[in-house]
Amino acid sequence: MSPDDVMIVVIAGLLSTSCALLGGFLVLRRQALLPDAVSHAVLPGIVLIFLLTGERASAATVLGATAFGVACVAGFEWLRRSGIVGSDAALALVFPALFSLGILGITRFASGAHIDLDSAIYGDLTFAPLRTMSLAGLDVPTSLVVTGCATVATILFVVLLWRPLHASTFDPEFAELSGLRARAAGRMLLVVVAGLAVVAFDSVGAILVVTFFIVPAATARLLTQRLGTMLVVAVAAGWVSSLAGERLATAIDSSIPGTIGLASAGLFVLALLLGRRGLAWRALRSRRPES
Amino acid sequence: MTKTMTQAPAALAVHELSASYGGRTVLDGVSVDIPAGRLSGIVGPNGAGKSTLVKAALGLVPATRGHVRLLGEPLKRVRSRVAYVPQQETVARDFPITAVQVVEMGRYPHRGWLRRLTRADDELVAAAMEQVGVADLAGQPIDELSGGQRQRVFLARALAQQAELVILDEPFTAVDARTESALLDVLTGLCAEGRSVVAVHHDLRTVLDRFDHAVLMAGGIVAEGDPADVLTPANLEQAYGIVVAR
């Protein structure tokens, strides 16, 4: 492996770490499509900030696009709760429309600059080692810095809000009544997911963001019986997929985020077949008489 | 035990409470005082507003009007002193958690976001699980338990919280008769210690046989008081709209 290969695996692994940690809660809260929605909704936000500042991967972009994503999801939530259209229809209405707006923005105003349709769809992970910034006199990939900060922030978020997130995901009414500020924790989760989706969008594009959030977490759910272990296993699955995906992409000369997504899905199928809550185990258990 | 119940503030005092649920007004100016130190049952037909009354009183459904006192205080001052056992459907079914972790949540209201559980907390958790007969299930994942075992675990959580008022929403659905009886024994025991228990329930027979106090609802309050006085054929006909033989 070349240093660039290692760098790509590290960036993908860090991204997997933070995505899987939040993805675990999203899977259990039945909000698995939230990152997908946000990753589509942020595109017009990113274009807008780009048009205003001329920058693509800056703190301003992340914050601006996050705010845009949060606003869109809040609007979606309002539309859903109003009952004017069904929940799934609202999802299908709002987010593709925003993505279309983003595509229009790129082709009309920003084509040829550092933002193009390919990177919006497939991400820039492959070129991440080439885009560097100066940090304490060293040239480090911008992606590594951004993803690293996002990962640290995500870990802090999950550790500090462990109890409200844990309790409100499991039993929202109890959590709210306990004074754990469960609803506030749920809203903060949304904001952090939106921010991370923006960061992930930059590396892996709009389509595969949801894979990084959800697939390792869903895999881990099949293997574990405690939330803590589930999240650790999800992070591990994310790193294994990142390494395997990067190797595969290099071997067959393909898109790295794509092969990472594929490796991730492969792990899921393995867990589905062999995991403690998987198919083989279930078939065995259904033969045993009920105790 | 001395009979000081009449001086104690009501376990749950609701005054002119209104609440809507999904755009429909379910409660319209309901007032009721549920006495402390008793096992009280809220009964009535489906859609009578039993659960909404309890949820609005606990701030889980926004009240549009009225005010509520729990143990004589507003909710925000008594959160840790009030335990709630929700309907099983509102709890995530497919969640990776063990029985003992559920019961430990009963200590969260006392420890907040970050303070570690102490040895004393662990002892309360173990004692609560012992009391409802689930000590041997501590390490079991919750989704591998039967309905009755699950409900015992959730009651253990309320016990571990050491609340003065325990409110349960339909605690005996999907529970076998033996568990129901065992759980009722525990609830009766709580009342004997001077704590208050309020359960939304649908089985009139149990309320008549085992509860100290009954509130019969059908939109508003039809009757309340001693179960034998509340669950009369005339009241039940008014609440359920059909003639009910006792």
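Residues numbered from 1 in each chain as written. Chains lettered and ligands numbered in written order. Predicted model: local features only at pLDDT ≥ 70, side-chain atom pairs only at ≥ 80, totals over all residues. Heavy atoms only, no water.

A. Main features of the pairing of strand 8 (residues 213-218) of chain B. Residues and elements named next belong to chain B. Counting buried positions over the six residues of strand 8 gives five, a clear majority of the element. Of the pairings in the sheet, the one linking strand 3 (residues 39-43) to strand 8 comprises four bridges and is parallel in character. Directly across from Gly41, in strand 8, lies its bridge partner Ala214. Pairing of strand 8 with strand 9 (residues 220-225), which is carried by five bridges, proceeds in the antiparallel orientation. Considered in strand 9, the bridge of Met217 is made with Ile221. Between strand 8 and the antiparallel strand that follows it, strand 9, lie one residue; Gly219 among them carries a positive phi value of about 80°. (Buried < 20%, exposed > 50% of the residue type's maximum accessible area, 1.4 Å probe, protein only. Helix = DSSP H or I, 4+ residues; strand = E, 2+ residues; numbered from the N terminus. Pairing = 2+ DSSP bridges.)

B. Summary view of the sheet that holds strand 4 (residues 63-70) of chain B. All names here are of chain B. Pairing in this open sheet of three strands is antiparallel, and the strands run 2-1-4 from one edge to the other. Strands with a single pairing partner mark the edges of an open sheet, and in this sheet they are strand 2 (24-34) and strand 4. With strand direction ignored, the average angle separating the axes of adjacent strands in the sheet is 20°. Looking at chain direction, strand 1 (residues 12-21) and strand 2 are connected through seven bridges and run antiparallel. Paired with Ala19 across the strands is Leu27, a residue of strand 2. Across the sheet, helix 1 (residues 50-57) is in contact with strand 1, strand 2 and strand 4; its angle to strand 1 comes to roughly 110°. (Axes fitted to C-alpha atoms, helices over the stretch in contact; angles between N-to-C directions. Contact = heavy atoms within 4.5 Å.)

C. Representation of helix 7 (residues 177-192) of chain B in the model. All names here are of chain B. A rise of 1.5 Å per residue sets the reference length of helix 7, with its 16 residues, at 22 Å; its end C-alpha atoms lie 22 Å apart and thus fit the reference within 8%. Where helix 7 is buried, its residues contact strand 3, helix 5 (119-131), helix 6 (147-160), strand 6 (165-169), strand 7 (196-200) and helix 8 (204-210). Looking one or two places after helix 7, you find Gly194, whose phi comes out positive at around 95°. (Expected span 1.5 Å × (residues − 1).)

D. Fine view of the interface of chain B and chain A. On the chain A side, the residues contacting the 36 residues of chain B number 31 residues. Carbon and sulfur atoms make up 59% of the area that chain B and chain A hide from each other, which totals about 3100 Å². Our count for the contact surface shared by chain B and chain A stands at four salt bridges. Taking the shortest distance from any N to any O, the salt bridge between A:Glu173 and B:Lys55 comes out at 3.2 Å. (Buried area = accessible area lost by both parts, 1.4 Å probe. Salt bridge = Lys/Arg side-chain N within 4 Å of Asp/Glu carboxyl O.)

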